[in-house]
Amino acid sequence: MILMQDIYKTYKNGVTALNGININIDQGEFVYIVGPSGAGKSTFIKLMYREEKPSKGKIIIGEKDLSDLKEKHVPFLRRDIGVIFQDFKLLPKLTAYENVAFALEVIEESPKVIRKQVMDVLEMVGLKNKARMIPSELSGGEQQRVSIARAIVNKPRIVIADEPTGNLDPETSWGIMELFEEINDRGTTIIMATHSKDIVDRKKKRVIAFEDGVIARDEQRGDYGYEV
Ligand code: ADP
Ligand code: ADP
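Rules used in this analysis
Residues numbered from 1 in each chain as written. Chains lettered and ligands numbered in written order. Predicted model: local features only at pLDDT ≥ 70, side-chain atom pairs only at ≥ 80, totals over all residues. Heavy atoms only, no water. UniProt positions renumbered as here; feature names shortened; annotations may be inferred. Patch = residues over 30% accessible without salt bridge, like charges linked within 9 Å, V, L, I, M, F, W, Y side chains within 5 Å. Areas by Shrake-Rupley, 256 points an atom, 1.4 Å probe, with all protein chains shown as cover. Salt bridge = Lys/Arg side-chain N within 4 Å of Asp/Glu carboxyl O. Helix = DSSP H or I, 4+ residues; strand = E, 2+ residues; numbered from the N terminus. Buried < 20%, exposed > 50% of the residue type's maximum accessible area, 1.4 Å probe, protein only. Pairing = 2+ DSSP bridges. Axes fitted to C-alpha atoms, helices over the stretch in contact; angles between N-to-C directions. Contact = heavy atoms within 4.5 Å. Near = heavy atom within 4 Å. Polar contact = N/O pair within 3.5 Å; in protein donor to acceptor, adjacent residues only side chain to side chain.

Per an unreviewed UniProt entry, the protein carries the name Cell division ATP-binding protein FtsE and comes from Oceanobacillus kimchii. Recorded in UniProt under Function (unreviewed entry), the annotation for the protein is "Part of the ABC transporter FtsEX involved in cellular division." The UniProt entry for the protein carries the following comment under Subcellular location (unreviewed entry): "Cell membrane".

Spelled out as structure tokens, the structure:
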């Protein structure tokens, strides 16, 4: 469960990105975050995995109240949340396998467990036979699949994606969306910021629209709601 209560975020330069956000997301939901550029979507996402802290308000992720979370416990929070970015953020010199394994090595899993989990997850995303390739040898869609594999290899309860299909062509994007639905079918909460009207309108889910730092709409089976 994700809860935000009366959340405000003003950056150091004085820009207020979030201006009173209240939200409740249940385990297993699939939620699109939409809205114009600068509306606060990325800030909202960054608060969930503690890339940013709110200026005011309460955030609960799972059973954790983030206002009580000590810095040294942030890695534990991140284990429960897989994050996926528009630009993949893969380590360029590591193979697909190593990029995914890295997430487990930092938590000191045994080599045997790592090997099994990494190969299982690469198979799930359809990249078992490209495990030895480095990012520059893979297409954009394949790189995004590696980053999804990295995000889910720890079996997090929540996956957050900030415009995951923003750099991909429509056909590749649909393949990535199928993968997100498969992950969601296993009970994982998915929160996805997107500018794709096509995807939001065709795969009806909960839609939360941000405008000027507030929630303008929150609808079950909603629409994208903006002209493109
Ligand atoms: P969106 O993801 O909807 O485009 P953002 O959350 O990125 O919106 O940005 C909301 C507002 O906060 C914008 O005015 C943006 O310029 C500002 N902003 C975002 N990040 C920072 C930052 N690190 N420092 C200062 N202002 C920021
Ligand atoms: P995204 O990957 O969603 O673009 P960023 O954090 O890179 O997220 O930037 C989001 C918005 O916030 C952009 O409009 C960017 O110009 C603005 N922004 C980011 N960092 C700063 C900053 N330090 N000061 C002012 N604006 C910022």
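Participant: How do you make sense of a nonpolar patch on the surface when you look at a structure like this?
Facilitator: On the surface, Leu-91, Phe-102 and Val-106 cluster together into a nonpolar patch covering about 270 Å² of accessible area. Relative to the helices and strands, Phe-102 is located in helix α3 (residues 96-105). For Phe-102, a relative accessible area of 41% corresponds to the partly exposed category.

Participant: Looking at this model, I keep getting lost on the pairing of strand β4 (residues 56-61). Mind explaining?
Facilitator: Each regular strand displays side chains that alternate between the two surfaces of the sheet. Pairing analysis gives 5 bridges linking strand β1 (residues 2-10) to β4, with the strands arranged antiparallel. In the strand pairing of β4, Gln-5 is matched with Lys-58. Note: β4 against strand β5 (residues 64-65), 2 bridges, orientation antiparallel. Across the sheet, the residue bridging to Ile-61 is Lys-64, located in β5. Linking β4 back to β5 in an antiparallel pair, the connection comprises 2 residues, with Gly-62 at a positive phi of about 65°.

Participant: Where do I start with the sheet that holds strand β8 (residues 189-193) in this structure?
Facilitator: Strand order in the open sheet formed by 6 strands is β6-β7-β8-β3-β9-β10, and the pairing between neighbours is mixed. Edge positions in the open sheet fall to β6 (81-85) and β10 (214-219), since each of these has one partner strand only. This sheet shows a mean twist of 15° between the axes of neighbouring strands, independent of strand direction. Pairing of strand β7 (residues 158-162) with β8 involves 5 bridges; the strand directions are parallel.

Participant: Just to check I follow, could you spell out the sheet that holds β4 for this structure?
Facilitator: Ordered by their spatial adjacency, 4 strands build an open sheet running β2-β1-β4-β5, and the pairing between neighbours is antiparallel. If you trace the sheet from one side to the other, it starts and ends with β2 (16-25) and β5, each paired once. Of the strands in this sheet, β1, β2 and β4 are in contact with helix α1 (residues 41-48), which crosses β1 at around 120°.

Participant: Got a minute to help me understand the site of ligand 2 in this structure?
Facilitator: Around ligand 2, the neighbouring residues are Asn-13, Ser-42, Lys-46 and Asp-162. In the environment of ligand 2, an oxygen atom lies 2.7 Å from a nitrogen or oxygen atom belonging to the side chain of Ser-42. Note that an oxygen atom of ligand 2 is positioned 2.6 Å from one of the side-chain N or O atoms of Lys-46. Protein contact buries 20% of the 540 Å² of open area that ligand 2 shows by itself.

Participant: Explain the UniProt feature "domain: ABC transporter" (unreviewed entry) in the protein to me, please; I cannot follow it from the model alone.
Facilitator: When the UniProt feature table is mapped onto this chain, "domain: ABC transporter" (unreviewed entry) is found at residues 2-228. The span residues 2-228 is 32% helical and 26% strand by assignment, and the distance between its end C-alpha atoms comes to 30 Å.

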